[in-house]
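Examining the three-dimensional arrangement
Okay, here's what each chain looks like letter by letter:
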Amino acid sequence: MRVLRMAAAAVAILAVVGGAEAKDWSKVRIGTEGAYPPFNSLTADGQLIGFDVDIAKALCEEMKVECEFVTSDWDGIIPGLQAGKFDAIIASMSITEERKQKVDFTNKYYNTPPAIAVPKDSKIAGTSDADLKGIALGAQSSTTHSNYAEEKLPSADLKLYPTPDEYKLDIANGRIDAVVDDVVVLSDWLATDDGACCKILGTLTPDLVINGEGAGIAIRKEDGELKDMMNEALAAILANGKYKEINDKYFTFDVYGG
Amino acid sequence: MIAPNPRTGLKPPPLAKRPWTATKITGHVLMAFWAISGVYLLTYLLGNLEKPILELALPFLSGEWEVYASDRIATHKFDSFLGRYGDKYISGFLVTLKIVGLSLLFGAALSIPIAAARSSKWKILSRPAYAYVYFFRGTPLLAQTFLIYYGFGSFRPELQSIGLWWFFRDAFYCIIFAFSLNTSAYQAEILRGAVQNISRGQWEGAQALGLSKPVTFFKIILPQALMVALRPYGNEIILMIKGSAIAAIITIYDLMGETRRAYSRTYDFQAYIWAAVIYLMIVETLRRVWDRIEARLTRHLIR
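Residues numbered from 1 in each chain as written. Chains lettered and ligands numbered in written order. Predicted model: local features only at pLDDT ≥ 70, side-chain atom pairs only at ≥ 80, totals over all residues. Heavy atoms only, no water.

Let us look at the overall build of chain B. Counting its regular elements, chain B contains 13 helices and 0 strands. For chain B, the succession of helices and strands along the chain, N to C, is α-α-α-α-α-α-α-α-α-α-α-α-α. Taken over C-alpha atoms, the radius of gyration comes to 28 Å for chain B, far larger than the 19 Å a tight globule of 303 residues would show. Seen through its C-alpha atoms, chain B measures out along the principal axes to roughly 75 × 75 × 45 Å. Burial analysis of chain B (303 residues in total) assigns 36% to the buried set. Within chain B, contacts between residues separated by at least 24 positions form 69% of all contacts whose residues are at least 6 apart in sequence. Of the roughly 19,200 Å² of accessible surface on chain B, 68% is carried by carbon and sulfur atoms. Separation between the mean location of the 33 positive side-chain charges and that of the 18 negative ones in chain B comes to 14 Å. (Helix = DSSP H or I, 4+ residues; strand = E, 2+ residues; numbered from the N terminus. Rg over C-alpha atoms; globule rule 2.2 N^0.38 Å. Buried < 20%, exposed > 50% of the residue type's maximum accessible area, 1.4 Å probe, protein only. Contact = heavy atoms within 4.5 Å. Areas by Shrake-Rupley, 256 points an atom, 1.4 Å probe, with all protein chains shown as cover. Lys, Arg positive; Asp, Glu negative; His and termini not counted. Charge placed at Lys NZ, Arg CZ, Asp CG, Glu CD.)

Listed below in structure tokens is the structure:
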């Protein structure tokens, strides 16, 4: 009988957990990475800051919901969303076809092109595949930038890093000859002391299939309601000047893009 | 009806009653659940192999079977996971073998002087050897790898001036270096333990027969020590194989690196299942080889 009772208890627990799925969105958990300045990063005392974080806070305020931030490794961020560890990803995630097969996206909330950075004394002439032949090119894994390098720059020797912090170390010490990432992320890093080693070689022409139409908010496919709420809130902060206020806090140009 | 034994005429005792208790029913239900899950998983994974199997079978088929198979190959969209990433897995597997093989080899070579120093009666030798083993067994392999890869990376000018930068620049050399140091500490302890396990009487007996120390060591002590050391060595190799997955995070495309890359493009969990299957196959092969070696080494003990 003990086994039966245990089974009954298990069923009851499952029912309770399942019942909690009946969703009211008074509280939304936002997943982000926390290693992608200036969009999202952690301060020394563990506070999340950045453009993504401020946009998320503005959206939550607009939707009148309570938001809680959860940080996740970039590699595991989509599985984390699917497993219900958080309800939305606001982490500069580009809206691509590959990802759309797994999750839904809101409209874009910014769009900036990728770029390549090299050491200041680099002899690399340009950003074409022929120019980059045989050089060690670093990128963060599971990103549109690493996919771009794999597809469009096959002659380069691609090295994948878990976060941008590691490729920054390796280009500074000369293990790799170039890195590819978002132009804003690279510029922000080059402006710091750590980025003194390097310069922007040039921006790349984004490929619509690989790079997508900009960064959006990823939502589980079954949560259409939350997606609509986010889209409305996004339109609202774009209209009422809140977006511009956040934009100007971080950038001297418009990141929303055309 | 159970027939009586023809020789004695006695009937066997009646079978014990095995009623369908709640526990038994639950057990069967749970077992059925796992069996169904297992079958589902297998068919899901083997779906990847349909095309290669059909292509292999095609020359041996005739009549409507041939039509069916060639139709299916021609019309069905075989965009299977293995079809796209199978080659990557094989190259990753080879890189993993290379990393583990080289590290174990260098580690074994290093472990001999370390073990000798560790069991030396001179403290000037045994203390540093002890510290070395203490450090490498007491800290995570991941931390050691990062220390070597990123730590040495920040001393580029110094390393360049002594002409060692080419070595530490390459992630592959770094990982071999880190893994060799790590495994040499473990192997030194295995070796030392096994040699010290042989009783002093063996040394004394050999001395009484007038054998020199090297001859005693290689012909009498070492063969016996290897019997003791064999299983721990096998464990260490298995730990190394699994530990080698760390190489993936310092940009090496080993089995785990390729797995992560495939997963990041597909978000398909079978990426990790295939990796687990390949790691299991390596370990299982090693286990079988080890059984053979043990049977060979202990053949004089079998009665």
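This paragraph deals with the pairing of strand E11 (residues 178-182) of chain A. Residue and element names in this part refer to chain A. Of all 5 residues in E11, 5 are buried; the element is thus mostly enclosed. Pairing of strand E8 (residues 114-119) with E11 involves 4 bridges; the strand directions are antiparallel. Note that in E11 the partner of Pro114 across the bridge is Asp182. Relative to E11, strand E9 (residues 136-140) runs parallel, the two being bridged by 2 bridges. Each bridged residue has a counterpart across the sheet, and for Gly138 the counterpart in E11 is Val179. (Pairing = 2+ DSSP bridges.)

Across the contact, 23 residues belong to chain B and 24 residues belong to chain A. Roughly 2,300 Å² is buried in total at the junction of chain B and chain A, and carbon and sulfur atoms are behind 49% of that figure. Of all residues in chain B, B:Tyr150, B:Arg265 and B:Tyr267 give up the largest surface area on contact with chain A, accounting jointly for 33% of the area buried on that side. Here chain B and chain A share 6 salt bridges between them. Of the charged contacts in the structure, one is a salt bridge between A:Glu150 and B:Arg261, with a shortest N-O distance of 3.9 Å. (Buried area = accessible area lost by both parts, 1.4 Å probe. Salt bridge = Lys/Arg side-chain N within 4 Å of Asp/Glu carboxyl O.)

Looking now at the packing of aromatic side chains. All names here are of chain A. Scanning all chains against the criterion turns up 34 aromatic pairs over all chains. Ring centres 5.9 Å apart and planes at 80 degrees place the aromatic pair Phe39 and Phe51 in the edge-to-face group. Separated by 12 residues along the polypeptide, Phe39 in the loop between strand E2 (35-36) and strand E3 (40-42) and Phe51 in helix H2 (residues 51-63) bring together distant segments of the chain. Considering the side-chain rings of Phe51 and Tyr243, the 5.9 Å spacing of their centres and the 90 degrees angle between planes classify their relative orientation as edge-to-face. Taken together, the residues Phe51 in helix H2 and Tyr243 in helix H10 (residues 242-250) connect sequence positions 192 residues apart. (Phe/Tyr/Trp six-rings, centres within 6.5 Å; stacked < 30°, edge-to-face > 60°.)

This part takes up the side chain of A:Ser41. Assignment of secondary structure puts A:Ser41 in strand E3. Sequence-distant contacts of A:Ser41, that is, excluding residues within four places in its chain, are made with A:Gly34, A:Ala35, A:Gln47, A:Leu48 and A:Ile49.

The next thing to look at is the sheet that holds E3(A). Across a sheet, paired strands are connected by hydrogen bonds in the backbone, their directions being either parallel or antiparallel. All names here are of chain A. Judged by pairing direction, the sheet is antiparallel, and its 3 strands sit side by side in the order E2-E3-E4 without closing on themselves. Each of the sheet's edge strands pairs with one partner strand only, and the pair in question is E2 and strand E4 (48-49). Across 2 bridges, E3 lies against E4 in antiparallel orientation. Across the sheet, residue Ser41 finds its bridge partner in E4, namely Ile49.

A few words now on the packing of helix H1 (residues 22-46) of chain B against helix H13 (residues 270-297) of chain B. Residues and elements named next belong to chain B. Close contact between H1 and H13 brings their axes to 12 Å; oriented N to C, the two are set at 95 degrees. With respect to H13, the element H1 is oriented roughly perpendicular. Contact with H1, carried on its side by Leu41, Tyr44 and Leu45, involves Gln270, Ile273 and Trp274 of H13 and no other residues of that element. Broken down by class, the residue content of the contact of H1 with H13 amounts to 5 nonpolar, 1 polar and no charged. (Axes fitted to C-alpha atoms, helices over the stretch in contact; angles between N-to-C directions. Parallel < 35°, antiparallel > 145°, perpendicular 65-115°, else oblique. Nonpolar A, V, L, I, M, F, W, Y, C, P; charged D, E, K, R; others polar.)

Before going further, it helps to examine the pairing of E8(A). Residues and elements named next belong to chain A. Within E8, 6 of the 6 residues are buried, leaving the element largely enclosed by the surrounding structure. The pairing of E8 with strand E12 (residues 198-203) spans 5 bridges and is classified as antiparallel. Bridging across to E12, Ala115 finds its partner in Thr203.

Here the focus is the domain arrangement of chain A. All names here are of chain A. Domain annotation of chain A identifies domain 1 (25-111 + 213-250) and domain 2 (114-211). Computed from C-alpha coordinates alone, the two centres of domain 1 and domain 2 are separated by 25 Å. At the interface, 17 residues of domain 1 touch 20 residues of domain 2. Interface area for domain 1 against domain 2, summed over the two sides, is near 1,300 Å², with a carbon-plus-sulfur share of 49%. Between domain 1 and domain 2 we count 0 salt bridges in total. Run the count over domain 1 and domain 2 and you get 6 residue pairs in polar contact (both at pLDDT 80 or more). When residues of the side of domain 1 that touches domain 2 are traced back to their parent elements, those giving at least two are E2 and helix H4 (97-100). Tallying contributions element by element places H4 first for the side of domain 1 that touches domain 2, with 3 residues. Broken down by class, the residue content of the side of domain 1 that touches domain 2 amounts to 8 nonpolar, 3 polar and 6 charged. (Domains from an automatic or database assignment. Polar contact = N/O pair within 3.5 Å; in protein donor to acceptor, adjacent residues only side chain to side chain.)

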